[in-house]
Amino acid sequence: MAESVCDVSSLKEGQARVYRVNGKHVAIYFDGEDVFAFSPHCPHARANLTKGTFQKDAVRCHWHGWRFSLQDGKGLNNDAELKTYPASIRDGEVMVELVEPEGQPKQEEGEDSFMPEIKWKN
Ligand code: FES
């Protein structure tokens, strides 16, 4: 079931923000047209990916340059995989399905401890 995360008007084009939804931290990136939801933790060494560089539907980690597709989480210059979630805009609200898709890495317990830009929801 999709969860309402925020109003799309609260997002800035070209930037990502972190929200806590049902106990999980989820980063939402808005490219001006579509939204992408993913774990804010880089699979390499857990840098905050919302501080990375976004290009279309990909993010480049600002620590060591690993790049990931925001469509499916696949590493673009590495073999790691970023956790992603299905996201859409419905009636001006960003909706995210927090299911754990088959084959995607699970968000580890305790890995959310460092996130500095969190807006609480629910
Ligand atoms: S922590 Fe992201 S590439 Fe190293």
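Rules behind the numbers
- Residues numbered from 1 in each chain as written.
- Predicted model: local features only at pLDDT ≥ 70, side-chain atom pairs only at ≥ 80, totals over all residues.
- Core = buried A, V, L, I, M, F, W, Y, C linked by C-beta atoms within 7 Å.
- Buried ≥ 20, exposed ≤ 12 C-beta atoms within 10 Å, placed from the backbone.
- Helix = DSSP H or I, 4+ residues; strand = E, 2+ residues; numbered from the N terminus.
- Contact = placed C-beta atoms within 7 Å.
- Pairing = 2+ DSSP bridges.
- Axes fitted to C-alpha atoms, helices over the stretch in contact; angles between N-to-C directions.

(A) The arrangement of the nonpolar core in detail. In this structure, Val26, Ala27, Ile28 and Ala37 are the most contacted members of the largest nonpolar core, which totals 27 residues. Counting only elements with at least two residues in this core, the list comes to strand S2 (15-21), strand S3 (24-30), strand S4 (35-38) and strand S10 (93-97). The element that contributes the greatest number of residues to this core is S3, accounting for five residues. In this view, Val26 contacts Val5, Tyr19, Val21, Ala37, Tyr85 and Val96; residues no more than four positions away in its chain are not counted.

(B) The arrangement of the pairing of S2 in detail. In the sheet, S2 pairs with S3 via seven bridges, with the strands oriented antiparallel. In the sheet register, Tyr19 faces S3, and the bridge partner there is Val26. Counted along the chain from S2 to the antiparallel partner S3, the turn is two residues long, and its residue Asn22 has a positive phi close to 50°.

(C) A look at the sheet that holds strand S6 (residues 58-60). With respect to topology, three strands assemble into an open sheet ordered S5-S6-S7, the strand pairing being antiparallel. Of all the strands in the sheet, the pair left with one neighbour each is strand S5 (53-55) and strand S7 (67-69). Each strand axis lies, on average, 20° off the axis of its neighbour in the sheet, ignoring direction. With three bridges connecting them, S6 and S7 associate as antiparallel partners. For Ala58, the partnering residue across the bridge sits in S7 and is Ser69.

(D) A look at the environment of Phe38. Here Phe38 is to be found in strand S4. Between the C-alpha atoms of Phe38 and Ile28, which are ten residues apart in sequence, the distance is 6.7 Å. In contact with Phe38, other than residues within four places in its own chain, are Ala27, Leu70, Gly73, Leu82, Lys83, Thr84 and Tyr85.

(E) Structural detail: the sheet that holds strand S1 (residues 2-7). As summarised here, the arrangement of the three strands in space is S1-S10-S9, forming an open sheet in which the pairing is antiparallel. This sheet does not close on itself; its edge strands, each paired only once, are S1 and strand S9 (87-90). With strand direction ignored, the average angle separating the axes of adjacent strands in the sheet is 35°. Relative to S10, S9 runs antiparallel, the two sharing four bridges. Along S10, the bridge assignment pairs Ser88 with Met95.

(F) Broad picture of the pairing of S10. Where burial is concerned, the two faces of S10 differ: the one with Val94 and Val96 is buried and the one with Glu93, Met95 and Glu97 is not. Relative to S10, S1 runs antiparallel, the two being bridged by five bridges. Bridge pairing in S10 links Cys6 to Val94. The antiparallel hairpin formed by S9 and S10 contains two residues in its connecting segment, where Asp91 sits at a positive phi of about 50°.

Taken by themselves, the reported measurements are silent on function.
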